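Close look at the chain arrangement
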Amino acid sequence: MKKIGIVIIAIVLIAGISGTFYMVNSNSQKKVQKEKTLTDIQKITSKDLEKNYPQTPREVVKLYNKILSCYYKENYTDKELDGLVEQALKLFDDELAANNPKDTYKQSVKDDAKNYSDQGITMAQTDVCDSNDVKYITDNGKKIAYVRASYFMKEGSSYSKTYQDYVLRQDEKGCWKILTFYKVEADTDAETE
């Protein structure tokens, strides 16, 4: 009788472990499947930047580049564009955001995207400098970072490459925010003085 009880307990334990494994595995597969079905825009607009803000200046620029890529594909609804613009503005320093109210910035994005589309120009690829190429300084007690990004643009069958330097400032929460950005020549260095 004792042996039967032990066998029953063992069977129940094995069934419980198997059931738990099945549920965990099933939930993981559902999560992966859900992530695969999200569009690039949905991945960006569903990102909670309050809880998961990019940790480095380079990661901020990489996320901003993903937003730029979505802008220039022009395959979005007005609501999706609003979501992209809101996420971009969260990456901006207060000074840059103050100079780019949401409606003004959104219209600028629309105009730029239309201009590129009318000229047959598409953004083929974006890239951000390596971590050891990010330059850091302190200015008036504020931490500043310079990050270079490159953009491969396709026009017809030809490609061109442009470069942009991003200046980011660390805010009081330790988050790196885009203060300004400007186009540069390939062989110039970001000013660090």
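Below: a short report on this structure. Every value quoted in this text rests on a predicted model; they were computed, and no experiment measured them.

**Things to note about helix α4 (residues 78-91)**
The end-to-end C-alpha distance of α4 is 20 Å, a good match for the 20 Å that 14 residues give at a rise of 1.5 Å each. Here α4 has its buried residues at Leu81, Gly83, Leu84, Val85, Gln87, Ala88, Leu89 and Leu91. At its buried positions, α4 is contacted by α2 (40-45), α3 (57-73), α6 (102-118) and β5 (176-184).

**Concerning α6**
With 17 residues, α6 extends 24 Å between its outermost C-alpha atoms, agreeing within 8% with the 24 Å of an ideal straight helix rising 1.5 Å per residue. Within the sequence span of α6, burial applies to Tyr105, Lys106, Val109 and Ala113. Angularly, the buried residues of α6 cover 100° about the axis, an arc narrow enough to put them on a single face. Opposite the buried face of α6, at more than 90 degrees from it, the exposed residues are Asp103 and Asp118.

**Here's the deal with the pairing of strand β2 (residues 135-139)**
Pairing of β2 with strand β3 (residues 142-155), which is carried by five bridges, proceeds in the antiparallel orientation. Bridging from a neighbouring strand, Tyr136 pairs with Ala145 of β3. Counted between consecutive antiparallel strands, the loop separating β2 from β3 contains two residues, among which Asn140 sits at a positive phi close to 55°.

Reading the values: rules and limits
- Residues numbered from 1 in each chain as written.
- Predicted model: local features only at pLDDT ≥ 70, side-chain atom pairs only at ≥ 80, totals over all residues.
- Heavy atoms only, no water.
- Helix = DSSP H or I, 4+ residues; strand = E, 2+ residues; numbered from the N terminus.
- Expected span 1.5 Å × (residues − 1).
- Buried < 20%, exposed > 50% of the residue type's maximum accessible area, 1.4 Å probe, protein only.
- Contact = heavy atoms within 4.5 Å.
- Arc of directions from axis to C-beta.
- Pairing = 2+ DSSP bridges.

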